[in-house]
Structures are given as structure tokens and as C-alpha cells.
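Here is how the chains run, residue by residue.
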Amino acid sequence: MTVRVLSIAGSDPSGGAGIQADLKTFAAQGTYGMAVIASLTAQNTAGVRGVFSPPASFLAQQLDAISDDIAVDAVKIGMLGSAENIAVVDTWLATHRPPFVVLDPVMVATSGDRLLDENAESALRALLPRADLLTPNVAELAVLVGDEPARDLDGAIAQGKALASSTGAQVLVKGGHLGSAGADGDQLATDALVGPDGSVTLVPGPWVSTTNTHGTGCSLSSALAALRPQRESWAAAAVDAKAWLTGALAGGAALGVGQGRGPVDHLHALFPATFSTQEWSRIAPIRAAIETMPFIVALADGSLPWVNFRFYLAQDAQYLREYARCLARVAALAPDQDAQEFFAHSSAAALEAEMGLHRTLLTAHGESLSGIETSPVTTAYLDHLHRCCATGSYAEAAAAVLPCFWLYQHIGERLGVLQAQRSSADAHPYAAWIETYADPAFAAATTSAIGFADRAFQAGSPAERDAMIAAFERSSRYEWMFFAQGTDLPAWPV
Ligand SMILES: Nc1ncnc2c1ncn2[C@@H]1O[C@H](COP(=O)(O)OP(=O)(O)OP(=O)(O)O)[C@@H](O)[C@H]1O
Ligand SMILES: Cc1ncc(CO)c(N)n1
């Protein structure tokens, strides 16, 4: 029978913490998840805007609906919001206590926002002895033992011992925020399971360098509740919950959710990140550099001088002719007819549509495409593409040509949005360029190119995969340099 786990907690509409995180976590541990909503928050990855707790009588009604019908193997208790809600949960536990109870004493969010009425702290303290395991963060642990927040793991463990002994529950001391050094100097995020008898079991884990930490506490406590019925002890559940959370932390950035401290990827083990999602997140600094570089900013608002745009267009025309040859080579290497058609068609489109655009823009200004000298950056980018497509595998070649689709589609879409916000009266000097790359047909081609690269990665050998990653990142870097040369004039003679 599937393990049935209940969360009694608050709602986080942004999906990274609270009930939403708990249900994803329960699913990730292969259990059947249920959720009773004690409180509602209006929050996102940047912080909490509001809290609303429905009447406590309705919390009681939800709990009774569960226990009248379903046997619950474990419960995780999170944000309860008010003293009245705490009293309802206390009463429910007195008669319907499931075999395993994890209590995450949610008082203050990572963002510093309060999630519990001030007058409810003593009620929460009184509820703690009903739990088997408490999972306070450093700040909550300090409040619960009436001390200053610990500054290192030893200090937090000492407070954990005090809390375990006064409540009779085990305490998982979360050292994540504190950090600690491993034997070989690696930074660790070590937690510690402290028993009421003063026993301490360290649960070490690697430190994950990420800003995606929203909801880590909720996710860890719900993983513990879901794993405990499937393991021999809290220590065994803690080791496995920690390993799962480390993977979720590492996968968080690739989700691309939110502007603040983003969520972790609860389902990372079910849906491993693809080549494209992983690489798109890895080139985030390059994307940010492109989005904010003077050439793109001036292209977006139309203030880019013609001399700079002309230089860029002339170089890009040189680039497109060779890029089209590279795409034709990818077509020649393609493992199936779909891929062959796509890359052959893209090769033709680079010559017809894109180079046609450049020719039109240049001739409108009385300039021609002939007699252009190829700049060092253009040469370097093309040498890289030619090498990948001439001597590399299909997979490497498909990865090398991908940034040219994807970064242009990305920039085109952004500039298209800005363009749409402008009044139609202000003619934009480079509107035709923006329209070409903001075109939904170009977005569709980009989606196809991403799909072909992902499939090649899946089918690729370890060496081919490494080559794909290196080729994609190098091409992305060259895309940035290619735009940059457009403002680094005095101009290369065109
Ligand atoms: N950067 C990190 N790398 C590895 N583990 C981390 C990191 N940050 C937090 N953790 C781990 O995440 C778990 C939750 O700890 P944390 O102290 O962040 O909880 P919390 O403050 O209750 O979280 P939240 O309020 O965001 O839900 C712990 O196991 C901790 O070790
Ligand atoms: C609903 C909810 N519960 C708990 C936390 C603590 O992270 C949060 N931010 N939101």
C-alpha cells in the first residue's frame, strides 16, 4: 500500500514553499500526498505580502474530513498562522495522532517576514511535545530556547539539545545557513539530528552554491515525514531526505522561476534536466551581459548610430554566408530525415530570409554587401563553427549552431515586447530587424533546434556530451563578442 502523508500547513501560491512544496515533495518520495490548508499567504520568491488565516473551525472541518475517511501514515505540520489554529491541531493530534509527526515550527520566513501571530508563539511552544521530530531553522531554534541565534553548528546543536530535552522530541538542527568546513576544506551544509537523550547524529551534505533556496525548510520537513514510514529510523530518513534536497537545490536554478530567491526542483529525480535547460541556465551570465550591453540597449531604443549598425550588419552578412554552410553540414550529418530537413531548411533560410534582410537594410542606405572585410571576431566565431561542423559529431555541430538561433530569438522577443509598448507614431529605425527575430516562426525554428540538440545529447556518448557543452558555451560567448564589436568602433573598414 502506498504511504499516505498529510501536510497541515500554509499555502504559497508561488509553489516553492508551504503546501505546494509539501505535495511535490511527497510525490518525489513516492508517497500519496494530502494537504489541509491552515493559512493562506500572498507571497512569491521575493517575499511575503500578506497572510490570511481562515476560521479555525474550518481547519477542524478539513482535518475531520481526512481522519473520518483515510488512515494517515505520517503528518508534517508547517505554518499554522494563529493560536486558534494551533489549538485545533493540538486537539486533533490528541485523538488522531498518526504514527509519525514532523513539526516545522514556522514563525519567520527566510525573507524575514512573520508567518505566525506574535501572541501564538507560546501556543506553538506547547504543541511541540506532540511531535516526534522538530525541524526549526537557526532563527526559530533561538526563539524557542530563548537565546540569540547560533553562529556556528556547535552552538545550534547545543540549543537543539535544550529543545529536545524540554520537548521530548528529536530535533533536526539545520546548519545550512551556517555553513561548515569539511576535512578537505570543502564547504558543507551540515545538519544534526539531536535526541532528547542528548545524542547527536551529524547529517552532512555538500554546500550548493545557489540562490534557489526558497522553501528548503518546508521541503526538508515534508521529505522527512514521507520517508520515515519507509525507513528504519529518523537518522536513516534524514540522510535520504538530505541527499534528495541537495539534488533539488542543485536543480533549482534551471527551473528559471522568479526574480528573487527561487524554488528548488522537487521533481529533479523524475525529470532530469535536459541539455538545453541546463545550458540555458549555465549561460545566464552571458545572457545577462548581452541583454544589458550598450549595443543591444541602443538597438532596443533605436538610438544606435547607423555607423555601428551598418558595421554589425556587414559583419553579420559575412557571418550568415558561412553559418549557412555550417547548417548545411549539420544537415549532412543528421541521423534522421526530420533533422536533415530542418537543418537544410535553416541553411536556406539563413541565406534567403536573414541575409535578404541585411541586403535590404544596407541597400536602403545606399550600401552594398560586396568588398566587406571580415573582422577578427567574426573570423574567430566562424572558425569555431566550421571546426565543430567539419570535424565534430552531429551532436557537437547541432550544439554549436544552437546559440545563433536561441540568443537571437531571446533578444528578438525582448526587443519585440519593447517595440509593442512604443506608440506606433515613433518609427523605429531598426524595426525590420526586430520583427525578423521576434517573429513566431523564428521562435518555432528555435524550439525545433533546441529539441534536436536535446535528442542528440540524450543519444550522445559522454565524450559527445562534453563536446556539446563546450561548443554551446563557446558559441554563446562569441555571440556576445559579435554584438560587442558593433560598439567597439573606430570601425573595422566596411
Ligand atoms: N546552500 C545550501 N546548500 C546545501 N544545503 C542547504 C543550503 N541552504 C540550505 N540548505 C539545507 O536546506 C535545509 C533547510 O535549511 P534552512 O535552514 O535553509 O531552512 P529554513 O530556513 O527553514 O528554510 P525556508 O524558511 O526557506 O523554508 C537544511 O537541510 C539545510 O542544510
Ligand atoms: C506557506 C509557507 N510556509 C512556510 C514558509 C517558510 O519558508 C513559507 N515561506 N510559506
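Worth saying up front: this structure is predicted, and the values here are computed from it rather than measured. (Residues numbered from 1 in each chain as written. Chains lettered and ligands numbered in written order. Predicted model: local features only at pLDDT ≥ 70, side-chain atom pairs only at ≥ 80, totals over all residues.)

### Details of the overall build of the chain
On a plain count of helices and strands, the chain comes out with 18 helices and 11 strands. Structurally, the chain occupies a C-alpha span of about 85 × 50 × 45 Å along its principal axes. Residues classed as buried in the chain amount to 47% of the 494 residues present. Within the chain, counting contacts between residues at least 6 apart in sequence, those at least 24 apart form 71% of the total. (Helix = DSSP H or I, 4+ residues; strand = E, 2+ residues; numbered from the N terminus. Buried ≥ 20, exposed ≤ 12 C-beta atoms within 10 Å, placed from the backbone. Contact = placed C-beta atoms within 7 Å.)

### A short note on the packing of helix α15 (residues 394-421) against helix α18 (residues 462-484)
Where α15 meets α18, the closest approach of the two axes is 8 Å, and the angle between their N-to-C directions is 30 degrees. Considered as vectors, α15 and α18 are oriented roughly parallel to each other. Relative to α18, α15 is oriented so that their crossing is right-handed. For the pair α15 and α18, the contacting residues are Ala395, Glu396, Ala399, Ala400, Leu402, Pro403, Cys404 and Leu407 in the first and Glu464, Ala467, Met468, Ala471, Phe472, Ser475, Ser476 and Glu479 in the second. Partitioning the contact of α15 with α18 into residue classes produces 11 nonpolar, two polar and three charged. (Axes fitted to C-alpha atoms, helices over the stretch in contact; angles between N-to-C directions. Parallel < 35°, antiparallel > 145°, perpendicular 65-115°, else oblique. Left-handed = near helix turned anticlockwise from the far one by under 90°. Nonpolar A, V, L, I, M, F, W, Y, C, P; charged D, E, K, R; others polar.)

### A word on the site of ligand 2
Gly10, Ala17, Gly18, Met79 and Ala109 are the nearest of the 16 residues found near ligand 2. Only β1 (4-11) and α7 (216-227) provide two or more residues apiece to the shell around ligand 2. It is β1 that contributes the most residues to the shell around ligand 2, three residues altogether. Here the shell around ligand 2 is composed, by residue class, of seven nonpolar, eight polar and one charged. (Near = placed C-beta within 6 Å.)

### Quick word on the nonpolar core
Judged by nonpolar contacts, the single largest core of 70 residues is most densely connected at Leu224 and Ala241. Apart from the residues within four sequence positions on either side, Leu224 is in contact with Val102, Leu133, Thr135, Ala237, Ala238 and Ala241. Residues Leu333, Phe342, Leu415 and Ile434 belong to the second largest nonpolar core, which totals 64 residues. (Core = buried A, V, L, I, M, F, W, Y, C linked by C-beta atoms within 7 Å.)

### Describing the environment of Pro285
Along the chain, the position of Pro285 falls in helix α10 (residues 284-292). Through-space distance from the C-alpha of Pro285 to that of Ser423 is 32 Å; in sequence the pair is 138 residues apart.

### Let's talk about the site of ligand 1
If you check the shell around ligand 1, you find 24 residues, and the closest are Asn137, Gly176, Ala189, Val208 and Gly217. Mapped onto the shell around ligand 1, the elements with two or more residues apiece are α7 and α8 (234-255). Take the shell around ligand 1: its biggest share by element is four residues, from α7. Considered class by class, the residues forming the shell around ligand 1 number nine nonpolar, 12 polar and three charged.

### Digging into the sheet that holds strand β2 (residues 32-44)
Spatially, β3-β2-β1-β4-β5-β6-β7-β10-β11 is the arrangement adopted by the nine strands of the open sheet, whose pairing is mixed. Either end of the sheet is taken by a strand with one partner, and the two such strands are β3 (47-52) and β11 (200-203). Looking at chain direction, strand β10 (residues 191-194) and β11 are connected through four bridges and run antiparallel. What sits directly across from Leu193, in β11, is Thr201. (Pairing = 2+ DSSP bridges.)

### Describing the environment of Glu232
Among the structural elements, Glu232 can be located in the loop between α7 and α8. Residue Glu232 is classed as exposed on the basis of its 8 C-beta neighbours within 10 Å. For the pair Glu232 and Asp22, spaced 210 residues apart in the sequence, the C-alpha separation amounts to 22 Å.

### Comments concerning the domain arrangement of the chain
The domain boundaries assigned to the chain delineate domain 1 (4-258) and domain 2 (277-484). Taking only C-alpha atoms into account, the centre of domain 1 sits 46 Å from that of domain 2. (Domains from an automatic or database assignment.)

### Some points on helix α3 (residues 83-96)
A rise of 1.5 Å per residue sets the reference length of α3, with its 14 residues, at 20 Å; its end C-alpha atoms lie 20 Å apart and thus fit the reference within 8%. Every buried residue belonging to α3 is among Asn85, Ile86, Val88, Val89 and Trp92, and all of these are buried. Viewed along the axis of α3, the buried residues span an arc of 160 degrees, placing them on a single side of the element. Projecting away from the buried face of α3 at angles above 90 degrees are the exposed residues Thr91, Ala94 and Thr95. Looking at the buried side of α3, the elements it contacts are β1, β2, α2 (56-67), β4 (74-77) and α4 (121-127). (Expected span 1.5 Å × (residues − 1). Arc of directions from axis to C-beta.)

### Considering the pairing of β2
Pairing between β1 and β2: eight bridges, direction parallel. The residue of β2 that forms the bridge with Ala9 is Ile37. For the crossover from β1 across helix α1 (residues 18-28) to β2, the handedness is right-handed. Looking at chain direction, β2 and β3 are connected through five bridges and run antiparallel. Looking at β3, one finds that Asn44 is bridged to Gly47. The loop that links β2 with its antiparallel partner β3 comprises two residues. (Right-handed = clockwise from strand over helix to strand, strands pointing away.)

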